[in-house]
Amino acid sequence: MLALDARASTAIETQNWAEVEAAIRLLLPLELVAYGPDDPRVSASHSWMATAIRLLGRPFADYEAHLRERLRIAERHPTDRDGLGAARAQLAFALVEAGQPAGAVPLFEGALEGLSVRPPADPDLLTIRNNLADALSAVERKPEAVIQLQAVLDAVLSGGDASMKAAAANRLAVRLYELGRYAEAEPAYRLELDNRTAAGGADAPHAATAAYWLSETLKKLDRGAETEPLLVRILELESETNGQQRVLSDDQVARSALDLGVLRYRDGRIAEAETPFRAAVALSRREPATPALLFPPASWLGVTLRNLDRQAEAEPIQVEAVQLAEAVHGESDPAVAVQLFNLGSTYLDQYKYIEALRVLRRAVAIDDAAAQPKVRTIEAFGMAAHRSGLYPEAEAARRRALAMRLDETPANPVATGRARLHLASTLYAQERYAETEAIQQQALVDAADPRLRADVLTDLAMTTHNLGRTSAAETLFRDALTATEQAYGANDVATAGAMLRLGNAMGARGDWSRADTLLARAAELAAASNDRILLANVHMALGAAFSDTGQPDRAMRNLGMAFQIRRELFGAGHPDTVNVIRRMALEMVEQGQYAQAETYLKSLLDLRERGFGPNHPQTADGLQELALAIFMQDRFEEAVPLMRRALAITETADDPRSRIRVGTNLGVTLIRAEQPDQALVVLRAAARSLLERVGGQATGQDGRSDLNGLRYLFRNSVRAAWDASMPLETGPL
């Protein structure tokens, strides 16, 4: 027996568990005979036999009987509290491993009672409390588990090292977090973080985990603003840790980077948000990448770059964000509409109005299908439609947006005022000045905001000018300039814009001497601010000024500079660029350079047809202008088909004025082409349309213009009738 005992002891020391099992299997029967079944030495052999079988990987059923026999013997010796506690604990550990935590709980509790005489920081006692807490959690008795874990933490705080304190704090914090007791979890996570940092070494990578969960806890407590230093620390720790040592997953680090970016963005530190957003995107792209992980940081990064005025960088990321939203939520989900709005806004910033129109139209359709219309999306769509020259569609969108703003609770006077101005600008573009003025007057009444008031005054002045009240318009332009300087500052681009408009108004009244000073100052401000759009507008105004004062060379030079800027910004086919080409060509017509103007106008017509299509009102304008250059070269028969095509396009227009204007021009051209019979038909149709428009109520500037138009039509109709009645060889008058 002594030899077997020595054999077993040697095997235990060398951890040769197969040898341990074999030796004790021979030793146990001898011990039972020598010592009796209740001897503590027999209990020890049962304990080692169970340990050997377990470590050999055999099932609990193979060694359960040994553990229970050990416990039975220990219970026969209640005065040996250590032995009894150890026996209960060993069986409890085995039950937990076997997936029977309910059976383990009373055994752990009994072990604690047996070992209660030991000091609180006793390692065996701490191990039992930790395992009891796990068993209690497994049987949904987590509040009781917290009590045990708190006892462990209290014990190690009085004498444990930093690593022990960190581990104990972590176990307690996790259980408190699971129970939603975030206020109690916070100090536990802070304690863990401090001790992980102090311990260093193997604990260092776990500091990032502690910081991560502390930040998550603060968010649960609605104290997200306090998380920034923690999030920064997470990213620093993870950047210093290699892949094998990292404890946090890529997803968790990416989420921390995203949270840091959002925190800075919402605090107005947009430039500082870019780096963490980029880090989040990079981490989310790692395999296995999923759209759900990549979508949020990609969306935020795109918006951030756009707000940093880096639209060219933002655009491809926002295109990807749309695709990710579709993959995550489905193509018709309102989340996709949000991304389309972001992308459309970036297109608008880059003057890509056709692209913006496409994506914003889809965004509005998605929101409407979900019965969740968004006023900001409708406003952006209205802007895209307006800038694309689709004024009826823009008007419908802007009327809808204004109605939504008026229904908002609480009221938003500035947004409502802007919505009125947007609608008015679309009506203005359609030359519906009386309607425009009424809306602008209402906006002025409600404009308490200084900047809004300045903008309303500027727009109202332009409308007043186009209504023929030039003196009143100049007064409004002066008031607008004063208000703009006060609201925006004397050197702001908005002030330069107000100077530009006042200069134009003065020039329209022939007062170019005073206008030149304003336009020159506007050019200085535009150049200093690097606002190239405004600078192009100033050059356009200077071109008009020099044209009207008989300085064609300077006029063409300024128009050429405006063309160069707009072509670089918008592209050759953009409406704003096309308008410069048009002004240059018409200036050539004024100077009698008809052949050169014809070349420009042919290119202009081609651009309009490709950009807007063959039946767009912009194409009709291009046909008329080309016909004018040909007309001025006495090539009347070539001008006629161009004018006829323009008239056919305007036949479908809602506003009869373009149809009347084109019909009148065609009638005059037919007279000069010696086709009086056809001229008479066209002129009579134009006269009928104009009579219907006047309706016997011709008043105001519009009314005077219509009456003058009637007189012109009647004169040419009489001439056509006279020519038609004369022998062909007499020719026109």
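Residues numbered from 1 in each chain as written. Predicted model: local features only at pLDDT ≥ 70, side-chain atom pairs only at ≥ 80, totals over all residues. Heavy atoms only, no water.

Student: Got a minute to help me understand the overall build of the chain in this structure?
Tutor: Per the secondary structure count, the chain includes 35 helices and zero strands. Computed over its C-alpha atoms, the radius of gyration of the chain comes to 43 Å, more than 25% above the 27 Å expected for a compact globule of 733 residues. Seen through its principal axes, the chain has C-alpha atoms that stretch 150 × 50 × 45 Å. Relative to its full complement of 733 residues, the chain shows a buried share of 48%. (Helix = DSSP H or I, 4+ residues; strand = E, 2+ residues; numbered from the N terminus. Rg over C-alpha atoms; globule rule 2.2 N^0.38 Å. Buried < 20%, exposed > 50% of the residue type's maximum accessible area, 1.4 Å probe, protein only.)

Student: I tried to follow helix α6 (residues 101-114) on my own but got confused; where do I start?
Tutor: Over its 14 residues, α6 runs 20 Å from end to end, which matches the ideal 20 Å to within 8%, given 1.5 Å per residue. Regarding α6, the residues found buried are P101, A104, V105, L107, F108, G110, A111, L112 and G114. The elements touched by buried residues of α6 are α4 (60-75), α5 (81-97), α7 (123-138) and α8 (142-157). (Expected span 1.5 Å × (residues − 1). Contact = heavy atoms within 4.5 Å.)

Student: How should I be thinking about helix α22 (residues 433-446) in this particular structure?
Tutor: Given 3.6 residues per helical turn, the α-helix brings residues three or four places apart onto the same face. For α22, with 14 residues, the first-to-last C-alpha span of 20 Å sits near the 20 Å given by 1.5 Å per residue. Residues of α22 that are buried include every one of Y433, T436, E437, I439, Q440, A443 and L444, and no others. Buried-residue contacts for α22 involve α21 (413-429) and α23 (450-466).

Student: Whenever I open this one, unusual backbone geometry confuses me. Can you help?
Tutor: Excluding glycine, residues mostly have negative phi values, and the peptide bonds linking residues are mostly trans. T409 connects to P410 through a cis peptide bond whose omega is 0°. One can find P410 in the loop between α20 (391-406) and α21. Although it is not a glycine, D309 adopts a positive phi angle of roughly 60°. As for its position among the elements, D309 is in the loop between α15 (291-307) and α16 (311-329). A residue is classified by how much of its surface remains accessible, and D309, at 61% relative accessible area, is exposed.

Student: Is there a simple way to think about the packing of helix α17 (residues 334-349) against helix α19 (residues 375-387) in this case?
Tutor: Think of two packed helices as two axes; the pair is described by the angle between the axes and how far apart they sit. Packing of α17 against α19 brings their axes to within 10 Å, and their N-to-C directions diverge by 35°. For α17 against α19, the interelement crossing comes out left-handed. Within the contact between the two elements, α17 uses V338, F341 and L348 and α19 uses R376, T377, A380, M383 and A384. For the contact of α17 with α19, the residue count by class is six nonpolar, one polar and one charged. (Axes fitted to C-alpha atoms, helices over the stretch in contact; angles between N-to-C directions. Left-handed = near helix turned anticlockwise from the far one by under 90°. Nonpolar A, V, L, I, M, F, W, Y, C, P; charged D, E, K, R; others polar.)

Student: Hey, could you run me through empty space enclosed by the protein in this one?
Tutor: Tallying each qualifying case throughout the model produces one cavity of 30 Å³ or more. Its boundaries defined by the atoms lining it, the largest cavity holds a volume of some 30 Å³. Lining of the largest cavity is provided by E379, R398, A401, A419 and H422. Put simply, the parts of the chain that give the lining of the largest cavity at least two residues each are α20 and α21. (1 Å grid on protein atoms, 1.4 Å probe; cavity = no way out; pocket = protein on both sides within 12 Å on 5 of 7 lines; lining within 4 Å. Points joined across faces, edges and corners; volume = space filled by probe spheres on them.)

Student: Sorry, what's going on with the pattern of salt bridges here?
Tutor: Summed over the entire model, instances satisfying the criterion amount to 64 salt bridges. A salt bridge links E186 to R223; the nearest nitrogen and oxygen atoms lie 2.7 Å apart. With a gap of 37 residues between them, E186 in helix α10 (residues 182-199) and R223 in the loop between α11 (204-220) and α12 (228-240) connect regions that are remote in the sequence. Note that D251 is salt-bridged to R255, the shortest N-O span being 3.4 Å. Taken together, the residues D251 and R255, both in helix α13 (residues 250-266) and four residues apart, mark about one turn of the helix. Overlapping salt bridges bring together D134, K142, R171, R175 and E178 as one network. (Salt bridge = Lys/Arg side-chain N within 4 Å of Asp/Glu carboxyl O.)

Student: Just checking my understanding: could you explain the packing of aromatic side chains for this structure?
Tutor: The geometry of two aromatic rings is summed up by the distance between their centres and the angle between their planes. Across all of its chains, the model carries 11 aromatic pairs by this definition. Relative to Y182, the ring of Y177 has its centre 5.1 Å away and its plane inclined at 70°; by these criteria the two rings are edge-to-face. Ring geometry for Y177 versus W213: centroids 5.3 Å apart, planes at 75°, classification edge-to-face. Here W213 lies in helix α11 and Y177 lies in helix α9 (residues 162-178), a separation of 36 residues in the sequence. For W213, a relative accessible area of 28% corresponds to the partly exposed category. Members of the aromatic cluster, connected to one another through ring pairs, are Y177, Y182, Y212 and W213. Its guanidinium or amino end placed over the ring of Y35, R41 lies 3.6 Å from that ring's centre, counting from NZ or CZ. (Phe/Tyr/Trp six-rings, centres within 6.5 Å; stacked < 30°, edge-to-face > 60°. Lys NZ or Arg CZ within 6 Å of the ring centre and 35° of its normal.)

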